[in-house]
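Coordinates in review
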Amino acid sequence: MGIGSSTSAHEQTTKNFPTYKIIIVGGGLAGTKIAEYISQHDHQIGEANIKITLIEPKNCLLYKIGGAKACLDESHAVSCVSSLSPLTNTKKVKHIQSKVKFVDVNNKFVLLENDDKCFFSILIITTGANYSPWVQPRGSNKNQILQHWRKCGEVLQSPCCKRILVLGGGATGIEVA
């Protein structure tokens, strides 16, 4: 090392190992569980440097399957939304609150809605499926989502909703029935 060099011993030992930039698109159950698993088991990957980025427009984890019941039961609604903080406060997982506009697999980057580029060496897409529009929570934080479900519940309990026809036997249809 030369005079005036400020490279630490840790930087010297880790810079010779590969760095894996893992981007996970989608912060639902699958995306958060993958991020959690990798962050807790990164020592099993060997002498690599791992950087995990979770890209999710919401600042919370949303259990969508409970959406229909959440419209009618406030205590259930609260249990369907939890903070991403326990995962992202570990400093092993970075959360970017955004949507992805484009994925460039050749140049290995995702383009965010604000036109920022996030480069990756490993890309994991866990965006899931869309839900019924009336149950699909509106908002990017817990309070906005709970407020949306309250409004849906008011509509469902109004006199105009004496009968509901359920079409489809998916998660929402079964839950509403």
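All of the points below concern the structure found in this document. Treat the numbers as computed from the prediction; the structure is a model and nothing was measured.

**Digging into the overall build of the protein chain**
Scanning the protein chain from N- to C-terminus turns up seven helices and nine strands. Within the protein chain, the proportion of its 177 residues that are buried is 32%. Relative to all contacts within the protein chain whose residues are 6 or more apart in sequence, the contacts with residues 24 or more apart total 64%. Put simply, the protein chain shows about 11,200 Å² of open surface, and 54% of that area lies on carbon and sulfur atoms.

**Some words on the sheet that holds strand 1 (residues 19-25)**
Pairing between the strands of a sheet comes from backbone hydrogen bonds, and it takes one of two forms, parallel or antiparallel. Spatially, the four strands line up as an open sheet ordered 5-2-1-9, and their pairing is parallel. Edge strands, defined here as strands with exactly one partner in the open sheet, are strand 5 (93-96) and strand 9 (122-125). For this sheet, the mean inter-axis angle between neighbouring strands, taken without regard to orientation, is 20 degrees. For strand 2 (residues 49-55) and strand 5, the ladder comprises four bridges, and the chain directions are parallel. What sits directly across from T53, in strand 5, is K94. Sitting on the sheet, helix 2 (residues 29-40) is in contact with strand 1, strand 2, strand 5 and strand 9, with an inclination near 165 degrees to strand 2.

**Considerations on the packing of aromatic side chains**
Following the criterion strictly, the structure yields one aromatic pair and no others. A cation over a ring is seen here: K117 above F109, with NZ or CZ 4.6 Å from the ring centre.

**Here we look at the pattern of salt bridges**
Evaluation of the coordinates by the stated rule reveals four salt bridges. The salt bridge partner of R150 is E74, with a shortest N-O separation of 3.1 Å. Placement of R150 in helix 6 (residues 142-156) and of E74 in helix 4 (residues 74-79) is noted, with a sequence separation of 76 residues between them. Taking relative accessible area as the criterion, R150 reaches 32% and is therefore assigned partly exposed. For E74, a relative accessible area of 36% gives the class partly exposed. Salt-bridge contacts for D115 lead to K101; the nearest nitrogen and oxygen are separated by 2.6 Å. Within this pair, whereas D115 is found in the loop between strand 7 (109-112) and strand 8 (117-119), its partner K101 is found in strand 6 (residues 100-104), the two being separated by 14 residues in sequence. On the accessibility criterion, K101 (48% relative accessible area) is partly exposed.

**Brief notes about the sheet that holds strand 6**
Ordered in space as 6-7-8, the three strands form an open sheet in which the pairing is antiparallel. Strands at the two margins of the open sheet, each flanked by one partner only, are strand 6 and strand 8. Averaged over all pairs of adjacent strands, the angle between their axes in this sheet comes to 20 degrees, without regard to strand direction. Pairing geometry for strand 7 and strand 8, over three bridges, is antiparallel. Residue F109 lies in a different strand from strand 8, and its bridge partner there is F119.

**Thoughts on the pairing of strand 7**
Successive residues of a regular strand alternate their side chains across the two faces of the sheet. Every second residue of strand 7 is oriented toward a common face, with F109 and L111 on one face and V110 and L112 on the other, all of them buried. The antiparallel pairing of strand 7 with strand 8 creates a hairpin that spans four residues between the two strands, and D115 there sits at a positive phi of about 75 degrees.

**Examining the nonpolar core**
Counting 11 residues, the largest nonpolar core is built from C60, L62, A70, C71, A77, C80, V81, I145, L146, W149 and C152. Elements supplying a minimum of two residues to this core: strand 3 (60-62) and helix 6. Counting residues per element, this core draws most heavily on helix 6, which supplies four residues. Discounting chain neighbours no more than four positions away, the residues touching C60 are V81, S82, S83, L84, N141, K142 and I145. Of all hydrophobic cores here, the second largest spans 10 residues; its members include I24, I38, L61 and L84.

Cut-offs used in this document
- Residues numbered from 1 in each chain as written.
- Predicted model: local features only at pLDDT ≥ 70, side-chain atom pairs only at ≥ 80, totals over all residues.
- Heavy atoms only, no water.
- Helix = DSSP H or I, 4+ residues; strand = E, 2+ residues; numbered from the N terminus.
- Buried < 20%, exposed > 50% of the residue type's maximum accessible area, 1.4 Å probe, protein only.
- Contact = heavy atoms within 4.5 Å.
- Areas by Shrake-Rupley, 256 points an atom, 1.4 Å probe, with all protein chains shown as cover.
- Pairing = 2+ DSSP bridges.
- Axes fitted to C-alpha atoms, helices over the stretch in contact; angles between N-to-C directions.
- Phe/Tyr/Trp six-rings, centres within 6.5 Å; stacked < 30°, edge-to-face > 60°.
- Lys NZ or Arg CZ within 6 Å of the ring centre and 35° of its normal.
- Salt bridge = Lys/Arg side-chain N within 4 Å of Asp/Glu carboxyl O.
- Core = buried A, V, L, I, M, F, W, Y, C linked by side-chain atoms within 4.5 Å.

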